[in-house]
Protein chains: 2
Amino acid sequence: MRHLYHLPISPASRKVRLVLSEKNLAFEMIEERDWERREDFLALNPSGEVPVLIDEDGEVICGASSICEFLDEVHADHPLLPGTAHERAEARRLVDWFDNKFAAEVSDGLIFEKVTRRFLSAADGGGAPEMGVVRAALHNLRYHLDYISYLMETRSWLAGDELTLADLTAAAHLSCLDYVGDVPWAQYAGAKDWYVRLKSRPSFRPILADHVPGMPPPKLYANLDF
Amino acid sequence: MRHLYHLPISPASRKVRLVLSEKNLAFEMIEERDWERREDFLALNPSGEVPVLIDEDGEVICGASSICEFLDEVHADHPLLPGTAHERAEARRLVDWFDNKFAAEVSDGLIFEKVTRRFLSAADGGGAPEMGVVRAALHNLRYHLDYISYLMETRSWLAGDELTLADLTAAAHLSCLDYVGDVPWAQYAGAKDWYVRLKSRPSFRPILADHVPGMPPPKLYANLDF
């Protein structure tokens, strides 16, 4: 059996869960609070971060981008980087957009302030969220929802006619923000329609069932009519 | 002819230049000060960042990771992600290490403080470097040079027996720091030996000839005996 070291409110971990499910690959999850820097986990991944996949043959694959490219190469049946080299480049441009630009401008800060801080000791930065960081992230979020809506004016999925790794990447980030109740979907019809379609996929069900102890999701989190 | 929008002291731009040269693909460079957010450049790449490649057929490809995967797919003669899927995963793990972990802990801060600030107006953050950021980056750099030396104890190149995109990525970052004179090579023999071999490759020559106006490189920058 495959094993995935993950965190529930981690876009990188959720992206790998979505890719595994889209490819119908069974796996078991092990929650790894990577900020605790556990020795045995550092031996698996010297960068100390989730996700880490232990494949069926025991091979260790570290990091979402490495894991996703690996799974798409080895399990090529439902390609998540389909089409021509140019179409794949467009999908990877958007993967990069969400994993780097969106992460830096929105999700990294928001998730650290609203989720990670709850689990840290005061000495390590635990405590109440810094509201300045939260406000800046929520301000930036609107620009990205606009961009998704703009892309949806001419495309079925983010990178073109087919669902790609770009959609799963963006949805992984947005589903984490949705868990903390921060996405103003109602004002972005194009982005909302796109997210409804993703949320309805079987691969999304386990993510909609996530429940962080002491931090229940808002009512609309798992609802398809939100 | 291909055209590459780039900046000279940008690890992402240098990585693409190295990949193009390793694959013997001719290209012309256009310097783009992306912090100026020029309208015509934003129309090419909505993220507003270098590098952007205009391919021979006029197609636009944005972002180093997208460009490098594209070039390695389309020009497969000298593969930069060679071997098995597991070997490619190891190379991509290390690409990710340098483009994200090394960038966040070392190169982003150091290059912003020592290079970018020179070109910004005072209102946009121009001026003298913040020495606290510089010191933290130089402290973190030692840990990464140790990691390269550690990998070199058992490998010929970062990801294994062959040169990969991981080596070009790491060298792109380190060559930028070398330009500002910040790498304590003498204390890291394994890392230095690896960098000497990269620096000796024909693909590295144009990078060693870089010269930012008003900011000459240190004497040893282009020297193979450093």
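Above this text sits the structure in question.
**Student:** Help me out: how do you make sense of unusual backbone geometry in this one?
**Tutor:** Leave glycine aside and you will find that most residues have negative phi; peptide bonds, for their part, are mostly trans. Residue and element names in this part refer to chain A. A cis geometry characterises the amide bond from Val50 onward to Pro51, with omega recorded as 0 degrees. On the secondary structure map, Pro51 appears in the loop between α2 (39–44) and β3 (52–54). If you check the backbone angles, Arg37 has positive phi at about 50 degrees while not being a glycine. Tracing the backbone through its elements, the reader meets Arg37 in the loop between β2 (27–31) and α2.

**Student:** Would you mind showing me how to read helix α1 (residues 11–22) of chain A here?
**Tutor:** It helps to recall that an α-helix has 3.6 residues per turn; residues three or four apart then point in one direction. All names here are of chain A. When the terminal C-alpha atoms of α1 are compared, their 16 Å separation across 12 residues agrees well with the 16 Å that a helix rising 1.5 Å per residue should span. Judged by how many residues are buried, α1 sits mostly within the fold: 10 of 12 residues are covered. Every buried residue of α1 is accounted for by Pro11, Ser13, Arg14, Lys15, Val16, Arg17, Leu18, Val19, Leu20 and Glu22. Positive backbone phi, at 55 degrees, marks Asn24, one or two positions downstream of α1.

**Student:** Could you clarify how one ought to interpret the pattern of salt bridges in this entry?
**Tutor:** Pairing of side chains with opposite charge becomes possible as their charged atoms draw close. Residues and elements named next belong to chain A. Under the criterion given, the structure shown has 42 salt bridges over all chains. Across the salt bridge formed by Asp178 and Lys199, the nearest N and O atoms sit 3.9 Å from each other. Here Lys199 lies in helix α7 (residues 189–199) and Asp178 lies in helix α6 (residues 165–179), a separation of 21 residues in the sequence. With a relative accessible area of 7%, Asp178 lands in the buried category.

**Student:** I'm lost on the relation of the copies chain A and chain B in this one. Help?
**Tutor:** One copy of the chain maps onto the second through a rotation about an axis and a displacement along it. Overlaying chain A on chain B yields an RMSD of 0.0 Å, the required transformation being a rotation through 180 degrees with an accompanying axial translation of 0.0 Å. Such a turn and shift between the copies fits a two-fold axis. Closest approach to the rotation axis among the C-alpha atoms of chain A is made by Asn100 of chain A, whose C-alpha sits 4.3 Å away. Taken as a fraction of all interface residues of chain A, those also at the interface in chain B reach 100%, which identifies the copy contact as same-surface.

What counts and what doesn't
Residues numbered from 1 in each chain as written. Chains lettered and ligands numbered in written order. Predicted model: local features only at pLDDT ≥ 70, side-chain atom pairs only at ≥ 80, totals over all residues. Heavy atoms only, no water. Helix = DSSP H or I, 4+ residues; strand = E, 2+ residues; numbered from the N terminus. Expected span 1.5 Å × (residues − 1). Buried < 20%, exposed > 50% of the residue type's maximum accessible area, 1.4 Å probe, protein only. Salt bridge = Lys/Arg side-chain N within 4 Å of Asp/Glu carboxyl O. Least-squares fit on C-alpha atoms with pLDDT ≥ 70 in both. Contact = heavy atoms within 4.5 Å.

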